[in-house]
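Examining the three-dimensional arrangement
What follows is each chain in one-letter form.
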Amino acid sequence: MNGRWVLAAAFALSVGVVACGGGGGGGNPNPPTPVPGTPTPVSSPTPTPTPTPSATSGAGNGALSGSCQPNFNGTIPAPGTGQYKFTGTLAQNTVYTYPVTTSPTTAPTQSPVSSSAQVTSIFGIGSATDPSGHGGLDLHVDEYDVYPLQTTTSGSDAWSSVSGSNQLLDATQMIAPDASSSPTSSTVQTFLTPPVIGSTSATFGQSNSNAGTLAQNLCYGLAYTRTIAAGGSYSESGTSQNGAGSASGTISIRENSDASGSITGPNPSGFAPKTFSAPSGTTITLTIQNGTTPAPTIPITLWFATPPVFYAENNSNTTSGVTEPGACPGGATEKIERVVTQLDTIMGYTETTTYDTYETASNGANCVVLSDTLKNYYDWSGDIYLGNRFATLGPGSPLSTTVTTEILGLASGQSGVVPFDTSRSRPISSAAIGAAASAHFDAILAATRARVLAHALRLRTTNLAGGI
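Heads up: these notes are all about the structure in this document. (Residues numbered from 1 in each chain as written. Predicted model: local features only at pLDDT ≥ 70, side-chain atom pairs only at ≥ 80, totals over all residues. Heavy atoms only, no water.)

**Some remarks on the overall build of the chain**
In terms of regular secondary structure, the chain is built from two helices and 23 strands. The proportion of buried residues among the 468 residues of the chain is 56%. Sequence separation of 24 or more characterises 65% of the internal contacts of the chain that already satisfy a separation of 6 or more. With an accessible surface of roughly 17,400 Å², the chain has 53% of that area assigned to carbon and sulfur atoms. (Helix = DSSP H or I, 4+ residues; strand = E, 2+ residues; numbered from the N terminus. Buried < 20%, exposed > 50% of the residue type's maximum accessible area, 1.4 Å probe, protein only. Contact = heavy atoms within 4.5 Å. Areas by Shrake-Rupley, 256 points an atom, 1.4 Å probe, with all protein chains shown as cover.)

**Points about the nonpolar core**
Ranked by size, the top nonpolar core spans 44 residues in total, and within it Leu 222, Ile 263, Phe 276, Met 347 and Tyr 378 carry the most contacts. With near-sequence residues (within four places) excluded, Phe 276 lies in contact with Ser 260, Gly 261, Ile 263, Ile 284, Thr 285, Leu 286, Ile 300, Thr 345, Ile 346, Tyr 378 and Trp 380. (Core = buried A, V, L, I, M, F, W, Y, C linked by side-chain atoms within 4.5 Å.)

**With respect to the pattern of salt bridges**
This structure, assessed with the given rule, holds six salt bridges. For Asp 344, the salt bridge is made with Arg 226, and the minimal N-O distance between the two is 4.0 Å. With Asp 344 in strand S18 (residues 334-344) and Arg 226 in strand S10 (residues 222-228), this residue pair connects regions lying 118 residues apart in the sequence. For Asp 344, a relative accessible area of 1% corresponds to the buried category. The buried category is assigned to Arg 226, whose relative accessible area is 14%. Here the residues in one salt-bridge network are Arg 226, Glu 236 and Asp 344, joined through shared partners. (Salt bridge = Lys/Arg side-chain N within 4 Å of Asp/Glu carboxyl O.)

**Some details on empty space enclosed by the protein**
Applying the stated criterion across every chain yields a total of four cavities of 30 Å³ or more. Looking at the largest cavity, its volume works out to about 420 Å³. Gln 189, Asn 210, Tyr 311, Gln 342 and Arg 449 are the residues nearest the centre of the largest cavity, which is lined by 32 residues in total. Of all the secondary-structure elements, those providing two or more residues to the lining of the largest cavity are strand S5 (166-176), strand S6 (185-191), S10, S18, strand S19 (349-360) and helix H2 (430-458). Counting residues per element, the lining of the largest cavity draws most heavily on H2, at eight residues. A breakdown of the residues in the lining of the largest cavity according to their chemical character gives 17 nonpolar, nine polar and six charged. (1 Å grid on protein atoms, 1.4 Å probe; cavity = no way out; pocket = protein on both sides within 12 Å on 5 of 7 lines; lining within 4 Å. Points joined across faces, edges and corners; volume = space filled by probe spheres on them. Nonpolar A, V, L, I, M, F, W, Y, C, P; charged D, E, K, R; others polar.)

**Let's talk about the environment of Thr 225**
Following the sequence through the fold, Thr 225 ends up in strand S10. Taking C-alpha positions, Thr 225 is 4.3 Å from Ala 215, a pair spaced ten residues apart along the chain.

**Overview of the state of the cysteines**
The full count for this structure, using the stated rule, is one disulfide. Put simply, Cys 328 and Cys 367 are joined by a disulfide, and their sulfur atoms are 2.0 Å apart. On the sign convention where negative is left-handed, the bridge of Cys 328 and Cys 367, at about -60° about the S-S bond, is left-handed. In this pair, Cys 328 is assigned in the loop between strand S17 (311-318) and S18 and Cys 367 in strand S20 (residues 364-376), connecting sequence segments 39 residues apart. (Disulfide = S-S within 2.5 Å.)

**Quick word on the pairing of S6**
Counting buried positions along S6 gives seven out of seven residues, so the element sits mostly inside the fold. Burial along S6 is two-sided: the face carrying Ser 185, Thr 187, Gln 189 and Phe 191 and the face carrying Ser 186, Val 188 and Thr 190 are both buried. Where S6 meets strand S9 (residues 212-218), six bridges bridge the pair, whose relative direction is antiparallel. In the sheet register, Val 188 faces S9, and the bridge partner there is Ala 215. (Pairing = 2+ DSSP bridges.)

Right, here's the structure in full:
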C-alpha cells in the first residue's frame, strides 16, 4: 500500500471516520444525533481494550481492512449549562525525503500529503471512572472535526488529581466515534506514577515518566496492549490481521533498554520475525528469520543518539511576557508547557510533542496549542526499493516527516465562562483543560504510529510481495 495514503488515512481513521478497504460491516452506522441547544455530554464508558479485533477477508498484502463506522451525520450542538466551547483547526502534513534507489536508478516520487479540519470542542465534567485507579476527576470533551467531505466526532476523557501545588494526570481515553455502543476505535493510556502537568509554583519545572500501559483497539483490525517501562522502553502484545487478509495473528514487539529488540508477526501471512541488534559503532544489524540458514542480515546506519533516551518530558510555567499565537483569543498571562520527546528503535522513529495551554485571569484556559513532529527512519509501507528501505544518512535525515498541529481557542461568546468543578467548589485548572484537549490529539498520534506497525506486520518475506 502506498505510504502517501497510509499516514493520511491514519489521521482520518484515528477518529474512526471512513470505511476501511477490503469491506467489512459492523458497528452502529448511525451514531446518536445530539439535540441542538440541549446537549449533555456524557462520558463514554471506560473501555477495556482487548486484543480481539474483527478481521475481514479479501485484503491483499498491505491492505488494511476491518469494520469502521461512517462519519458523523448529526448537528454540532451548542454548549449547555456547565459546559464551554473551544474552536480551532486540526492539520496533518507528511513530507517524504526518499533517497535515489540503486535499482531502478530513478528516485521515487512522493508528494506531500495533507489533511485539515475545522474543530469544535465542548468541555464538561464527566462521570467515567478513572481507569488508573487513582480516582482522578474526569473532564470530558466532545470533539467535532469538520473536513471538506465529512464531519467526525470523538469523545475524549482526561482524569486529573491534585497533590499539594501540583496538578497530576492519571489517565486519558479517546473513543471514536463518540457513541455508547460499538466504538470503532479506542485508546486508553494509564500512568504508573501520575505525571505532574501543572503547578501553582512560579518556579515549576518537572520531568516525568510515561511508565504504565497504552492500549489501542483500532477499526482496521489491530489491537494491542503496550507495557511501558520507567525508562520508556516497552513490550507489546496483541493481534492483527495477517498480510493475506484471511485471518488474524498474534503480534509481539519488544524494545530493550540497550535499543535492541524484535518484532514477531502473524505467521499465516508469511511474516518473518525480525530482530534488531544494539548499536555497534555506527551500525545496527537487522536479522530476518525467514527460515534460511544463515538468516539474512541488513546493516542499518545508526540514526539516533547513544546511549538511547526513549522518553523525556519537561513541564514549565511562564508567567511574564506571555504572547499567544495569532489564532488564539489573546490576553493570556500564563503559559503551561509540556515538551515530550520519544524514540522507538524498533519501529524506527523519533518524535517531539509540545503541549501549550494559555491562561487568562478572567477565563482560566483560553487557548490550547498542540504540535507533534514524527520523523520516520524506516519505510515499512513498501514504497521504497528494498535496498534503500532504511535511512542511510544518520540522525536528522529521516525518510519521511509528519507534522500534526491542533489549535483550540475559547469560542466567540464564551467570554467570562470559567469552567467550574462543583464537586470541589473551585474552577478547573488550566492544566486539566490542556490535558483534556490533548487526549484526543494524543490518540491521533498513537493511531499514526499504529499505522506504521500495521504495515510492518503486513510485509512478507520476499521482495516480490513488498516485504523484507
